[in-house]
Amino acid sequence: MEERKNQIKAFAVLGLMILISLLYYKANVYYMYLVVYIWFGLAYGMMLQYGRFCFASASRDLFAAGVPRMAVGILIALIFFSVIQATLAATNMSTFHPAPFGIHTLISGMIFGVGMVLAGGCASGSLYKIGEGNGTSILSILGISFGQAIFVDVGGPFLKLVPDSWTASTAAKHLPADKVTSWFDYYLTGYVWDKPAIQLSHTPAFSNALPGASKYFIADALISAIIPALVLIIVIYAFYIRKGFIKKRSKQTGKPAGLSDHFAGIWSMLTASKRTSIMGVIIGITAGLHIFVMKGMQIKFGVSNFGTLLTKMGHAADTSAWGTVFDPGYWYITTQEGQFGGWVLDKLGWNMRDNVFFGLNNGLPEPWRNPALWMSIGIIFGAMIMSLMSKEFKFKLPKGELIVWGLLGGTLMGLGSRPALGCNIGAFFIRVAGGDPSGWLYGIGMVTGAFAGVKFFNWWSERKMAAEMADF
Amino acid sequence: MAMKFEKKGEGVYALDVCGYVCPHPQIYCKKSLEKIAEGEVLEMTFDNPSSAETILQMLDQAGHDLMEKKNEGGKIVFKIKKG
């Protein structure tokens, strides 16, 4: 009976998404651009929930429990996604663009890493966990949303912290003065924008040595993503699995371990959690397909940003001063949540358009016309459908210490994603697969931050265990 | 909401981490298993499905035995014998 009820609810959610899509289509065919985001979001949500795919658990479970399933899953996804990314780049169908490279990426990653461990999920993981009914994740997403929105807009005393070099560099760009008012505006325009954006295939070394399309496969996919991913898989095996596996194997065979045993060990690690590894493959392929479809929509409507279509539909007020809205063209998480936070604060009377982030770059669309925000909503509903079908949906109000961890972790994720222009997806996963070394820099930061977060939680839980065990 | 770890009987312990999200259930499971002796049983109750996948692999790697696994309306119960 309960199973039947859950199935009905799951189909109701799916029906709602279909209805919403049809209503958008009826309102204007241009909204099909936005509908594509909804359905890819839905697909991501279903896959993330089924595979328990959370970037926080990749490093956290490795450090806290010695379990490598998620780290392995992400590396598998990365390998598949990078090959598709390279294929799209080679056929001029990619929407990928590298990000400015600098120490800021590493520092941001560290802050984000601590945040995702405290919150109990990364930016994408928190969204899918909302779909499972997890109230703590709602707080995390609120922390991400408002943390970012406030961070990009605060000026006042913080402007005293802006170095002269940033001020000079910003001034040289002749941006509208009424849009450059916060500390983050100077950081972005006077520091980040001056940093080089590197894509391996476009560096002189690779583009001269590898003419034609091969540079995308060799530089961006093989060197940037596949080789490092394989090395990491071997390192994880060596540190976490090898000893136990070889001991068990030698007991069974009665012989000392050889190379073939180590290969068997790596394979057993890759297949230990089939649902995570299989989802790694499918997520990698889907993320590539998403880029392909978005590029197709851009070609169909003759635009490079959804802001142009919003303006054509009479919603120019949704866009930035440059006529754009946030429209990444691929899987992305945090900016749209920042826009949601900014939209709420704007409605409450806080001028959120007097900064570069909303005012010049990303706009502040009404949430129902925000394409990337629909992708996030799609993730929630996709995960909800999946968890209902597998009888795992349960609404849980956040209580006690989890309220603090959710809000604090979410805010740290917001603060750790904005300076790097992305999170575990936009700043790590997409960049690494696209041949941008700043992705690995962010990844190293994330893992370091996660390590610190795990150390803290280990200490915290040890204290609580000791208190519980005092009675026996 | 509070984590509960109690001795239910001779060689049987109960860990209740319902309401907790990642990483708490897996950390408490690991720490509880560290506290009990080989051959003793831990009955763990939690309601965060994402933790299940990690706990299952952790048990397998460490050589513990999952004797029973139940899902009762979103509450997951693992009966684990320490190996």
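Residues numbered from 1 in each chain as written. Chains lettered and ligands numbered in written order. Predicted model: local features only at pLDDT ≥ 70, side-chain atom pairs only at ≥ 80, totals over all residues.

### Describing the overall build of chain B
And step 1. In terms of regular secondary structure, chain B is built from 2 helices and 5 strands.
And step 2. Across chain B, helices and strands are ordered from the amino to the carboxyl terminus as β-β-α-β-α-β-β.
And step 3. For 83 residues, the compact-globule formula gives about 12 Å, and the C-alpha radius of gyration of chain B, at 11 Å, lands near that figure.
And step 4. For the C-alpha atoms alone, the extent of chain B along its principal axes is close to 30 × 25 × 20 Å.
And step 5. Expressed as a percentage of the 83 residues in chain B, the buried residues total 46%.
And step 6. For chain B, restricting intrachain contacts to residue pairs at least 6 apart in sequence, the fraction spanning at least 24 positions comes to 56%. (Helix = DSSP H or I, 4+ residues; strand = E, 2+ residues; numbered from the N terminus. Rg over C-alpha atoms; globule rule 2.2 N^0.38 Å. Buried ≥ 20, exposed ≤ 12 C-beta atoms within 10 Å, placed from the backbone. Contact = placed C-beta atoms within 7 Å.)

### Observations concerning the overall build of chain A
And step 1. Summing up its helical and strand segments, chain A has 20 helices and 0 strands in all.
And step 2. Relative to the globule expectation of 23 Å for 472 residues, the C-alpha radius of gyration of chain A, 23 Å, shows essentially globular dimensions.
And step 3. Counting only C-alpha atoms, chain A reaches 75 × 60 × 50 Å along its principal axes.
And step 4. For chain A, the residues scored as buried account for 55% of the 472 residues in total.
And step 5. Put simply, 79% of the contacts in chain A that link residues at least 6 apart link residues at least 24 apart.

### A word on unusual backbone geometry
For residues that are not glycine, phi is negative in most cases, and the peptide bond is trans in most cases.
And step 1. Along the chain, Cys22(B) connects to Pro23(B) via a cis peptide bond; the corresponding omega equals 0°.
And step 2. With respect to the helices, strands and loops of the structure, Pro23(B) is situated in the loop between strand E2 (12–16) and helix H1 (24–35).
And step 3. Although it is not a glycine, Lys391(A) sits at a positive phi angle of roughly 55°.
And step 4. One can find Lys391(A) in the loop between helix H17 (371–389) and helix H18 (401–417).
And step 5. Taking the number of C-beta atoms within 10 Å as the measure of exposure, Lys391(A) has 17 and is therefore partly exposed.
And step 6. A positive phi angle is found at Leu421(A), which is not glycine, with a value near 60°.

### Quick look at the sheet that holds strand E1 (residues 4–9) of chain B
Residue and element names in this part refer to chain B.
And step 1. Ordered in space as E1-E2-E3-E5-E4, the 5 strands form an open sheet in which the pairing is mixed. Unpaired on one side and paired on the other, E1 and strand E4 (65–72) mark the two borders of the sheet. Strand after strand, the sheet turns through a mean of 15° between neighbouring axes, direction not considered. (Pairing = 2+ DSSP bridges. Axes fitted to C-alpha atoms, helices over the stretch in contact; angles between N-to-C directions.)

### Focus: the interface of chain A and chain B
And step 1. Contact residues are listed per partner, giving 39 residues for chain A and 27 residues for chain B.
And step 2. Elements with a minimum of two residues in the side of chain A that touches chain B: helix H3 (55–65), helix H13 (274–301) and helix H20 (438–469) of chain A.
And step 3. Ranked by residue count, the leading element in the side of chain A that touches chain B is H20(A), at 8 residues.
And step 4. Classifying every residue of the side of chain A that touches chain B by side-chain character gives 12 nonpolar, 12 polar and 15 charged. (Nonpolar A, V, L, I, M, F, W, Y, C, P; charged D, E, K, R; others polar.)

### Description of the confidence of the model for chain B
All names here are of chain B.
And step 1. When pLDDT is averaged along chain B, the result is 91; 99% of the residues meet or exceed 70.
And step 2. Per-element mean pLDDT across chain B ranges from 89 in helix H2 (residues 49–62) up to 96 in strand E3 (residues 41–46).
And step 3. Interface confidence in the predicted complex, given as ipTM, is 0.85; pTM for the same model is 0.92. (pLDDT = per-residue confidence, 0-100.)

### Some thoughts on the pairing of E3(B)
If a strand is regular, its side chains alternate between the two faces of the sheet.
Residues and elements named next belong to chain B.
And step 1. Only one face of E3 is buried: it carries Leu42, Met44 and Phe46, and the other face, with Val41, Glu43 and Thr45, is open.
And step 2. Note that E2 and E3 share 5 bridges and pair parallel. Bridging from a neighbouring strand, valine 12 pairs with valine 41 of E3.
And step 3. The parallel pair E2 and E3 is bridged by H1, and the resulting crossover is right-handed.
And step 4. Sheet topology note: the E3/strand E5 (residues 75–81) ladder contains 6 bridges and is antiparallel. Bridged to phenylalanine 46 within E5 is isoleucine 76. (Right-handed = clockwise from strand over helix to strand, strands pointing away.)

### Some remarks on the pairing of E2(B)
Residue and element names in this part refer to chain B.
And step 1. Of the two faces of E2, only the one carrying Tyr13 and Leu15 is buried; Val12, Ala14 and Asp16 on the other face are not.
And step 2. With 5 bridges joining them, E1 and E2 adopt antiparallel strand pairing. The partner of lysine 7 across the bridge, within E2, is tyrosine 13.
And step 3. Here E1 folds back onto E2, and the loop between the two strands holds 2 residues, one of which, glycine 11, carries a positive phi near 75°.

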